[in-house]
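Take a look at the letters that make up each chain.
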Amino acid sequence: MFKLIRDRYFRKKATNCLKSLKNERRYSYSTGKELVSSADIVIVGGGIAGCNTLYQLSKRGVNAVLLERNKLTSGTTWHTAGLVWSLRPSDLEVRLLQDSRNVYGSLEEETGDYAGWINNGGMFISRSKVRTEEYLRLHTLGKAMGIPSEILDPHDAQKLFPLLDPTVFKMALYSPLDGTIDPAMACNALVKASSKHGGKIYEDCPVIDIHYAHNLLGNKEVTGVHTEKGFIKTKCVVNCGGVWGPRIARFAGVPSLPIIPFKHAYVVSDAIPEIRGCPNVRDHDASLYFKIQGESCNIGGYENNPIMLDQVSEHQHFHLYELDWDVFSVHMNSAASLCPKLAKVGIKSTVCGPESFTPDHKPLLGEDPNVFGLFHNCGYNSAGMMFSAGTAIQIAEWILSGRPHYNMFSFDINRFSNSQLSRPHWVRESSHESYVRNYSIVFPNDEPLAGRDASHDALHQELIDDGAVMQARAGWERPGFFIPGEKIRVQPYDWGGVNDYPRNLDQRYEELLKGEYSFGFSKHHDIIGAEALACRNAAALFNISYYGKFYLTGPDAQRTAELAFTADLSKKADRLVYTLLLNEKGGVEADLTVSILDGGSGQLHEPIFKGRGYYVVTSGFSAAHTAAILRKIIHKHKLRANLTDVSKQLCILGIQGPDSQRILQRYTNAGLSNDAFPLHTHRSITVSNAPADNKSYTCRALRVSWAGELGWELHVPSSHAVQVYKALRKANGLKNAGWRALTALSAEKGYHLWNVDLRTDDNPIEANLGFACRKDGEYIGNEYVTKARKTGVTKKYAFLTLDDKVAIFGQEAIYRNGEPVGYVRRGDYGFYLNKSIGIGYITNKGAEVTKDYLNEGNYEIEVMGKKYKAKLHLKSPFDPNGQRLLGNYGNLGMDENTYEPHAGQNERAGGSE
C-alpha cells in the first residue's frame, strides 16, 4: 500500500529532515528522556500546527508540552509545498495569512537560524471574465485591508514569469507579499524558540489514551494524557494530529471529527534557469499551482477525481504513495498549456502524500463541545503551512482567555451540528466536493451539491411541492426562494460522474444554481424581489423552522440567564426580549430572542418546569455554537441549569406584512391587536385548520419580526406543522417567501445578521446595539460594554446605500473622502428602497469614530475596481421609527385597527366567540 521514499530528491529531503531533528539539533531542543508528570497544556502532534501552537503558548509563559509519535514533521508536514498567499475571499483568512507571514518573517531574527521563508511574490492567473471579476474583488478587499496587489495584463505578467504563454489567459493579479516556507526549517526555528521559553518537546512518544472524568453536572473534563513513556496530568489537550486528528479525538471519547484523508500530489521539475526568483503561480481556472524552488518548479493541483483514503496508518512516517499518473496527468496538461516549455522539461521527483480535508474546506479549531479542555487544531486542507502560524495565535488566546481575538466562527468546530457529524456519508461527500472545488470561483449565493438533506423539518416535502428551491445551512435544508409550479428537489450527490458514478438524470437544481454564478444580480433577482415586496405590501409566509430552539430551565436558569444575556429579563412571563450573548472580551457570540416562561401545560411548546425558564431562539447555522457557549457558562460557573434542544421538535412559520393580522385572525380566536397582543410578547394560541373546519392546534405565537413588519411567528409542534401550514396556505393574499427575500428584508430594515455584520470581534456599542445591553447587572462582557459607552469606539456600524444599480455582496472597500476606511461586511438589495445596500464598520486610523466624523464624510464603495458614490445613514432609512411593526401603515391608509374586530380582539388575554 505504501512506498518507501525512492526518488533521489525526496529521499535526500527526508534524510535531511531526520538528520536535523535527530542529531545535534534534536538534542538542543528536545526534552530529556524522563517525561514530565504534569503540564498546563499538552499538544499532541509534532507537525507545523503543533509546533506553532507550542511556540505561541510558551511565549506566553505557559507550561506546555508537545508529544510526537515519531519525529517532528514526520506525518504530512515534511512533504508539503509550503505556499503562503496573501489574498483570499475572506477578511478573516487575509488577517490570518498576514499573521503567518509576520511569524515566519520574524523567526530568523528571534532564533538566529534561517527559518526557510522566501518572499518571492505570487500571481493569480485568470482565463475567464468571471474569474477576472473575482480577482478584482480580491484586489479591492486588499486595498481595504492594506494588502498590496497589482492588476497585470498578460504581457506584464509574462515579464514576471517568462514561461507564461500570454495568449491563454486574460489577466493576472500579482501580490508581492506572497512566498514560500520550508517546513523542516520552520519547525526547527519554532521548537528552538519554544525551548528558550520553557516549552518541552518529546519525540517517539505515542499517545495511548486521553483521560477524562465526569464532573458533578455530568460534563466530561480532560484530566490527563497516557503515553508509552508515562502519564501527564493536565486539564487541557490540543489535538494537532492532522490526518490522525480523528484518532486522537476518539481517545477522548469523541466519536468522530469531520476529516477525510486524500492523496494529494505534486511533481518537481528539472532545473529551469529562467524561473529563478519568479513568483509562485495559481491558475484557478485550471486547478493548478506552481511553487518556485530555486530553478525547479513544483507543479500540483486539485483534480476532479481524487483518491480518498479510508484511513492513514498510525505507523506511517516519512512515507509517500506511488503517484497515479492517470489522476495527475490533467495537471501536467494544464501546466503545458499555460507554460509550453514545461511540456519539454523532465520530472525530477514525484510527491504523493496524505492530506486532511474537511466538509467546508476550513480547518477545525476550538474547544470540543463534548469534552471540556479538549481543543482541536487540525484539518487544514493542505494549507497548514499557510494558516497555522496565524491560527496558533488565536488558539493560544482561545485557551488562555476563553475566546480568540478574531472572529473564528468559520473555523470553529462548533459550526457543525450533531446531525452533520453523526452522518459519515455527509462527511465523505462534502469533503470530496470541497477538494474538487478548492479552486472554484466563490460565488456569494452558490450552494453545495454534496451532503444535502442531512436535516430537514416536517414541512420539507410540502415546501418542495409548492416550488421551494432549497439552500443548505448547517446541514438543514431551508427554502431560498419559490418557483410556483415547479418541484425541484436536490438530488443525491453523484460525485461529479467520476470513478464510474453515473450522473444524475435530473440536473434541474444544478442548472438553477448556474443562475447564481455571477457577481452581478442573480437571474432570480426579480423572483426574490416579488417575495420581498409581497411582505412589504401585503403578507408573506416564511418557513424559518431551521432556527435553533432551546429551553433553558432548572434551579439556576435565572442566574444563567443573568450571566449570559445582556438584556433585562426581569420582566413578566409573557415578554420576549431581543438580547445578545457576549464573551469575556465584550464580543458578540450570538444575538437571539428569549421568551420568558413560568411553566406550561406539558405540551412541547409549553413544557412543565419549576421556577422561571426561558425559550431561546437563535440562528440555525450557529445554533450548535450558541448552545456550546451557554453550556460552557453553566459548566464554568457550576450552575444547576439544563439546556434542552427542541430544534427538530418545533417548526416555525412566520406570517409577516401589513395583511398578516387580518389573515391570521381568521384562524385563531386569540386577540391580535396591540392591546390584546402587544409587540414583543408571546403566548399559546389555538390555530384552526380552516375557518369552516372544527380541527384546531395549539402553538406558541411570538409577536416579533425579522422583516421589520407587522407579524407573528408560530412555533408549532412538528407533529401537526403540516396541517397548520396547509391551512395558512389557503389564505388569499399570503405568498410563500424564502430566505433570500427574508435576509434582504432584514438588511433593508437594518437588522443584524450574526457572523456577517455582527461578529465575535464586534462590541455592542460599535454595532449600535447598546439598547440591548442593560446598564446594571454583571452579565459576561459588561465591563467592555461600559468602557465603550464611556470612552467611545474606534470603529462604528454604518448603513450605506447606492443610487447606482450595482450588486453588492460584501468585501467591497469603503472610502471616506478618498481614503479606505473599511469594507462592506454585508451587501444586499433593498427592494422597497429600490437601492443596493452595503453595511460595514467605519474606522478612523485608530482614533475615535464619532457621529460627526461619520456624517461629515463623502463616501464611495468600490465594486470590482470601480467606485460608486454612497450615502451613509446612521440607521436604516426604512421605517426608522418602527411604525410598521405596530401595524401603522399610513402610506397604505391602514393601521392596526383597520380590520373589523374579531371576537376577543380587544381582550389582552384573547377570548373566544
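Residues numbered from 1 in each chain as written. Predicted model: local features only at pLDDT ≥ 70, side-chain atom pairs only at ≥ 80, totals over all residues. Heavy atoms only, no water.

A. Quick peek at the confidence of the model for the protein chain. Per-residue confidence for the protein chain gives a mean pLDDT of 93; residues scoring 70 or more make up 94%. Long-range and interchain partners of residues 1–6, a stretch whose pLDDT sits below 50, account for 21 contacts in this model, where long-range means more than four residues apart. (pLDDT = per-residue confidence, 0-100. Contact = heavy atoms within 4.5 Å.)

B. How the structure looks around helix α12 (residues 424–436). Over its 13 residues, α12 extends 18 Å from the first C-alpha to the last, a length consistent with the 18 Å expected when each residue adds 1.5 Å. Listing the buried residues of α12 in full gives Trp426, Val427, Glu429, Ser430, Ser431, His432, Glu433, Ser434 and Tyr435. Next to the buried residues of α12 lie β14 (260–269), β17 (296–301), β18 (347–357) and α11 (418–421). (Helix = DSSP H or I, 4+ residues; strand = E, 2+ residues; numbered from the N terminus. Expected span 1.5 Å × (residues − 1). Buried < 20%, exposed > 50% of the residue type's maximum accessible area, 1.4 Å probe, protein only.)

C. Representation of a nonpolar patch on the surface in the model. A cluster of nonpolar side chains, contributed by Tyr114, Ile118 and Met185, occupies part of the molecular surface with about 260 Å² of accessible area. Classification of methionine 185 by relative accessible area gives partly exposed; the value is 34%. (Patch = residues over 30% accessible without salt bridge, like charges linked within 9 Å, V, L, I, M, F, W, Y side chains within 5 Å. Areas by Shrake-Rupley, 256 points an atom, 1.4 Å probe, with all protein chains shown as cover. Salt bridge = Lys/Arg side-chain N within 4 Å of Asp/Glu carboxyl O.)

D. View of unusual backbone geometry. The phi dihedral of asparagine 768 falls on the positive side, at around 60°, and the residue is not glycine. Counting through the fold element by element, asparagine 768 comes out in the loop between α20 (739–749) and α21 (782–791). The phi dihedral of asparagine 834 falls on the positive side, at around 60°, and the residue is not glycine. Relative to the helices and strands, asparagine 834 resides in the loop between β37 (819–830) and β38 (835–843). Relative accessible area serves as the criterion here: at 41%, asparagine 834 is assigned to the partly exposed category.

E. The sheet that holds strand β21 (residues 374–378), seen in detail. Overall, mixed pairing links the six strands, which are arranged β9-β2-β1-β13-β21-β19 in an open sheet. Looking at which strands have only one partner, the edges of the open sheet turn out to be β9 (200–202) and β19 (364–367). Here the average twist between neighbouring strands, direction ignored, is 20°. Here strand β1 (residues 41–44) runs beside strand β2 (residues 64–67); their pairing, made up of four bridges, is parallel. For isoleucine 43, the partnering residue across the bridge sits in β2 and is leucine 66. (Pairing = 2+ DSSP bridges. Axes fitted to C-alpha atoms, helices over the stretch in contact; angles between N-to-C directions.)

F. Geometry of the packing of helix α4 (residues 91–111) against helix α10 (residues 384–401). As a packed pair, α4 and α10 sit with axes 7 Å apart at the nearest point and diverge in direction by 95°. Comparing the axis directions of α4 and α10 gives the class roughly perpendicular. For the pair formed by α4 and α10, the contact residues are Glu93, Leu96, Leu97, Asp99, Ser100, Val103 and Tyr104 on the first element and Met385, Met386, Phe387, Ser388, Ala389, Gly390, Thr391, Ile393 and Gln394 on the second. Grouping the amino acids of the contact of α4 with α10 by side-chain chemistry returns nine nonpolar, five polar and two charged. (Parallel < 35°, antiparallel > 145°, perpendicular 65-115°, else oblique. Nonpolar A, V, L, I, M, F, W, Y, C, P; charged D, E, K, R; others polar.)

G. How the structure looks around the packing of aromatic side chains. Going through the model one piece at a time under the given rule, you end up with 32 aromatic pairs. Considering the side-chain rings of phenylalanine 409 and tryptophan 754, the 5.1 Å spacing of their centres and the 75° angle between planes classify their relative orientation as edge-to-face. Of this pair, phenylalanine 409 sits in the loop between α10 and α11 while tryptophan 754 sits in the loop between α20 and α21, placing them 345 residues apart in sequence. Phenylalanine 409 gets classed as buried once you look at its relative accessible area, which sits at 7%. When its relative accessible area of 2% is taken as the criterion, tryptophan 754 is described as buried. Residues tyrosine 547 and tryptophan 739 carry aromatic rings whose centres are separated by 5.6 Å and whose planes lie at 85° to one another, so their mutual orientation is edge-to-face. (Phe/Tyr/Trp six-rings, centres within 6.5 Å; stacked < 30°, edge-to-face > 60°.)

H. Structural view of the nonpolar core. Ranked by internal contacts, the top residues of the largest apolar core, which has 112 residues, are Leu67 and Tyr104. Per-element tally for this core: the top contributor is α10, with nine residues. Apart from residues no more than four positions distant in its own chain, tyrosine 104 is found in contact with Ile48, Asn52, Val84, Ala115, Trp117, Ile181, Ala186, Met385, Ser388 and Ala389. In this structure, Cys651, Leu714, Cys773 and Ile839 belong to the second largest nonpolar core, which totals 93 residues. (Core = buried A, V, L, I, M, F, W, Y, C linked by side-chain atoms within 4.5 Å.)

I. Representation of the packing of helix α3 (residues 48–59) against helix α7 (residues 183–196) in the model. Close contact between α3 and α7 brings their axes to 9 Å; oriented N to C, the two are set at 25°. Relative to α7, α3 is oriented roughly parallel. In this structure, α3 meets α7 at a crossing whose hand is left-handed. Listed contacts from α7 to Ile48, Cys51, Asn52, Leu54, Tyr55 and Ser58 of α3 are Ala186, Cys187, Leu190, Val191, Ala193 and Ser194. In the contact of α3 with α7, the residues fall into nine nonpolar, three polar and no charged. (Left-handed = near helix turned anticlockwise from the far one by under 90°.)

J. Spatial organisation of the sheet that holds strand β15 (residues 280–283). One open sheet accounts for eight strands, arranged β6-β7-β5-β15-β16-β17-β14-β18; its pairing is mixed. Either end of the sheet is taken by a strand with one partner, and the two such strands are β6 (150–152) and β18. Here the average twist between neighbouring strands, direction ignored, is 20°. Strand direction decides the pairing type here: β15 and strand β16 (residues 288–293), joined by three bridges, are antiparallel. Paired with arginine 282 across the two strands is tyrosine 289, which belongs to β16. Sitting on the sheet, helix α5 (residues 129–145) touches β5 (122–126), β6, β7 (171–175) and β15, and the angle it makes with β5 is about 145°.

K. Summary view of the pattern of salt bridges. In the structure shown here, the tally under the stated rule is 51 salt bridges. A salt bridge links aspartate 310 to arginine 428; the shortest N-O distance between them is 3.9 Å. Of this pair, aspartate 310 sits in the loop between β17 and α9 (325–338) while arginine 428 is found in helix α12, placing the two residues 118 residues apart along the sequence. Using a relative accessible area of 71% as the deciding quantity, one classes aspartate 310 as exposed. Note that arginine 415 and aspartate 360 form a salt bridge whose closest N and O atoms lie 2.7 Å from each other. Note that arginine 415 is positioned in the loop between α10 and α11 and aspartate 360 in the loop between β18 and β19, a separation of 55 residues in sequence. Look at aspartate 360 and you get partly exposed, because its relative accessible area is 30%.

L. Highlighting helix α16 (residues 557–564). Buried within α16 we find Ala557, Thr560, Ala561, Leu563 and Ala564. In an axial view of α16, the angular spread of the buried residues amounts to 165°, which keeps them on one side of the axis. On its buried side, α16 packs onto β25 (548–553), β26 (576–582), β28 (613–618) and α17 (623–636). (Arc of directions from axis to C-beta.)

M. Expanded view of the environment of glycine 198. Relative to the helices and strands, glycine 198 resides in the loop between α7 and β9. Judged by relative accessible area, which is 34%, glycine 198 ranks as partly exposed. Separated by 277 residues in the primary sequence, glycine 198 and glycine 475 place their C-alpha atoms 43 Å from one another.

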